[in-house]
Amino acid sequence: MIKNNSALCVFFISFLISCQSVPKQFDALLQDTHIPLDTGASVYLFVNVKQSRSIIDLLPIEELQDTHTKQMLDRTDFAAAALFPSESGRHFQLAAWGKYPNSRASMALGANRYWDKQSNSAGKTYWYARSAGLSIAMTSRQAFAVSSVSRGQPIDPYAASPGAEIPEGFNDFAGGVPLSCWINNPAPFISGILSNAGIPLRFPVQQLFINLYPAGEGKYEALIRLIFETATQARGASTVLALASGFAPADFELALILLANPPVQNGRNIDIKTARLSEDDIKVLLGIFI
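Let us look at the structure shown here. Being a predicted model, the structure only gives us computed values, none of them experimental.

Helices and strands together make up the secondary structure of the protein chain, namely 10 helices and 14 strands. Looking at the 290 residues of the protein chain, the share that counts as buried comes to 51%. Of the contacts made within the protein chain by residues no fewer than 6 positions apart, 67% connect residues no fewer than 24 positions apart. Total accessible area computed for the protein chain in this model is approximately 13,600 Å², and 51% of it derives from carbon and sulfur atoms.

Below, the structure is given as C-alpha cells:
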C-alpha cells in the first residue's frame, strides 16, 4: 500500500529515470528564454545529475533522501525544479528530459487505484494521486510532476505557456556547471544574512544566482552573483560587503563562508566566491537559500 508522498514520488521517479536520457537537452535548455515550470516559485534549480550527484544528496528536499530515489538518480542526466512558497498551494514542480516509456507508465498508473486520470483545459492528460497531492504527466521525451500542499483539487503538472522566464544572464552564468539556481526576490535573504552578522542594511538586489560545484577532497565551492539595477548600486554594495568581512562576528559561520573572499564588481553585478565548503557548510548554505 502506498501511504505517503515519498513513496508516491519514488513510484513516479522509477519511470522518470529508468530509461536512456538525452543529455544534449541540458545545453539546449540553457539557450532558451523560458523553462517549462510555472511562475511564482521562490527558487528555480537546474541540475546536471551526472556531474552533481554528491551535491544532490545534500539538498534539503525530503524526497531525495529515500534510498530508492538515490539509486534511481544514479541513472538520470538532467532535471529542473521550482520550489514554491507554501502560500502558493504547492511544494515543488519538476521537469525532466529523456526518452520515456509513456505507454508502459500509463498502463501501470491506470492499474493502480491510488492514481486517477485527469485532463487539463488544453486536453492534455495527467495522473493525480489524492493521498499525496501529486500530479504527474509524461510524453515520449519529457516528464513533469507537481506536488500540492492540499490533498483536494488536482494541480496541472504542465506549466502554463510559455513557462517561467529565465533571467537575463543566467544561461551564461550556469553553462557547464553541475548545479545552478536563481532566487526570486532575494533582497530579504541578503538583508537577513547581513542583519544576523550585525550589519542591519538593506540591499536593492534584483536577482541572485548561485553555482555550486565540487572542489575536490570532499569539499565544495559556490559562486554567488548579486545583480543590481545600476552599476552605482553594485559599487556601493561591493564596498559595504568588503567592509562587512571585518565586522562579522567570529562565530557567525554563514558570514565567514560568504565573506571569505572580497566581492568582485562587474558593471551592475557582484560576484562572491565562497570559502571552500564542507558538507556541513553546504547544508547551512542550502538551508538558507533553498
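This paragraph deals with the sheet that holds strand β2 (residues 43–48). Strands sit in the order β5-β6-β7-β8-β4-β3-β2-β10-β11-β12-β14-β13 across an open sheet of 12 strands; the sheet is antiparallel. Looking at which strands have only one partner, the edges of the open sheet turn out to be β5 (116–119) and β13 (264–266). Across the sheet, the axes of successive neighbouring strands diverge by a mean angle of 20°, strand direction being ignored. As paired elements, β2 and strand β10 (residues 179–183) share 5 bridges and run antiparallel to each other. Across the sheet, Y44 pairs through a bridge with W182, a residue of β10.

The full count for this structure, using the stated rule, is 7 aromatic pairs. Taking 5.1 Å as the distance between ring centres and 75° as the angle between the ring planes, the aromatic pair formed by F170 and W182 counts as edge-to-face. Separated by 12 residues along the polypeptide, F170 in helix α6 (residues 170–174) and W182 in strand β10 bring together distant segments of the chain. Both residues of the pair, F170 and W182, belong to the buried class. Across the ring face of Y158, the terminal group of K124 is positioned such that the distance to the ring centre comes to 4.7 Å.

With that out of the way, let us pick up the nonpolar core. Nonpolar side chains in soluble globular proteins tend to end up buried together. Judged by nonpolar contacts, the single largest core of 38 residues is most densely connected at F203, L212, L226, F228, L241, I270 and L277. The biggest single contributor to this core is strand β12 (residues 219–228), with 5 residues. Ignoring any residue separated from it by four or fewer positions in sequence, one finds I270 in contact with I224, R225, L226, F228, A234, A237, S238, L241, P263, V264 and Q265. Of all hydrophobic cores here, the second largest spans 24 residues; its members include I35, A41, A95 and Y126.

Note that N269 resides in strand β14 (residues 269–273). Here N269 is in contact with R225, L226, I227, A234 and V264, once residues within four sequence places are set aside.

Attention now goes to unusual backbone geometry. In this chain, S161 is followed by P162 through a cis amide linkage whose omega measures 5°. With respect to the helices and strands, P162 occurs in the loop between β8 (142–148) and β9 (164–165). In this model, N185 sits at a positive phi of 50°, which is unusual for a non-glycine residue. Relative to the assigned elements, N185 resides in the loop between β10 and α7 (187–196). We classify N185 as exposed; its relative accessible area is 56%.

Once that is clear, we can look at the pairing of strand β3 (residues 78–83). Side-chain positions along a regular strand alternate between the two faces of the sheet. The element β3 is largely enclosed, with a buried count of 6 among its 6 residues. Between the end of β3 and the start of strand β4 (residues 90–97), which pair antiparallel, lie 6 residues, with G89 showing a positive phi angle near 95°.

A few words now on the environment of Y158. One can find Y158 in the loop between β8 and β9. Between the C-alpha atom of Y158 and that of V146, which follows or precedes it by 12 residues, the distance is 8.5 Å. When sequence neighbours within four positions are dropped, the list of residues in contact with Y158 reads D38, Q93, N120, K124, T125, A137, M138, T139 and F144.

Here we take up empty space enclosed by the protein. If you walk through the whole model with that rule in mind, you get 3 cavities of 30 Å³ or more. Size it by volume and the second largest cavity reaches roughly 120 Å³. Along the wall of the second largest cavity there are 10 residues; nearest its centre are I190, I193, L241, L258 and I272. The set of elements that each furnish at least two residues to the lining of the second largest cavity consists of α7 and β12. If you tally residues by element for the lining of the second largest cavity, the top one is α7, at 3 residues. Here the lining of the second largest cavity is built from residues that sort into 10 nonpolar, no polar and no charged.

Moving on, we get to the pattern of salt bridges. All chains considered together, the criterion is met by 3 salt bridges. Salt-bridge contacts for D38 lead to R90; the nearest nitrogen and oxygen are separated by 2.8 Å. Of the two residues, D38 sits in the loop between β1 (34–35) and β2 while R90 sits in strand β4, which places them 52 residues apart along the sequence. Here D38 falls in the buried class, since its relative accessible area comes to 12%. R90 gets classed as buried once you look at its relative accessible area, which sits at 15%.

Cut-off values and rules
Residues numbered from 1 in each chain as written. Predicted model: local features only at pLDDT ≥ 70, side-chain atom pairs only at ≥ 80, totals over all residues. Heavy atoms only, no water. Helix = DSSP H or I, 4+ residues; strand = E, 2+ residues; numbered from the N terminus. Buried < 20%, exposed > 50% of the residue type's maximum accessible area, 1.4 Å probe, protein only. Contact = heavy atoms within 4.5 Å. Areas by Shrake-Rupley, 256 points an atom, 1.4 Å probe, with all protein chains shown as cover. Pairing = 2+ DSSP bridges. Axes fitted to C-alpha atoms, helices over the stretch in contact; angles between N-to-C directions. Phe/Tyr/Trp six-rings, centres within 6.5 Å; stacked < 30°, edge-to-face > 60°. Lys NZ or Arg CZ within 6 Å of the ring centre and 35° of its normal. Core = buried A, V, L, I, M, F, W, Y, C linked by side-chain atoms within 4.5 Å. 1 Å grid on protein atoms, 1.4 Å probe; cavity = no way out; pocket = protein on both sides within 12 Å on 5 of 7 lines; lining within 4 Å. Points joined across faces, edges and corners; volume = space filled by probe spheres on them. Nonpolar A, V, L, I, M, F, W, Y, C, P; charged D, E, K, R; others polar. Salt bridge = Lys/Arg side-chain N within 4 Å of Asp/Glu carboxyl O.

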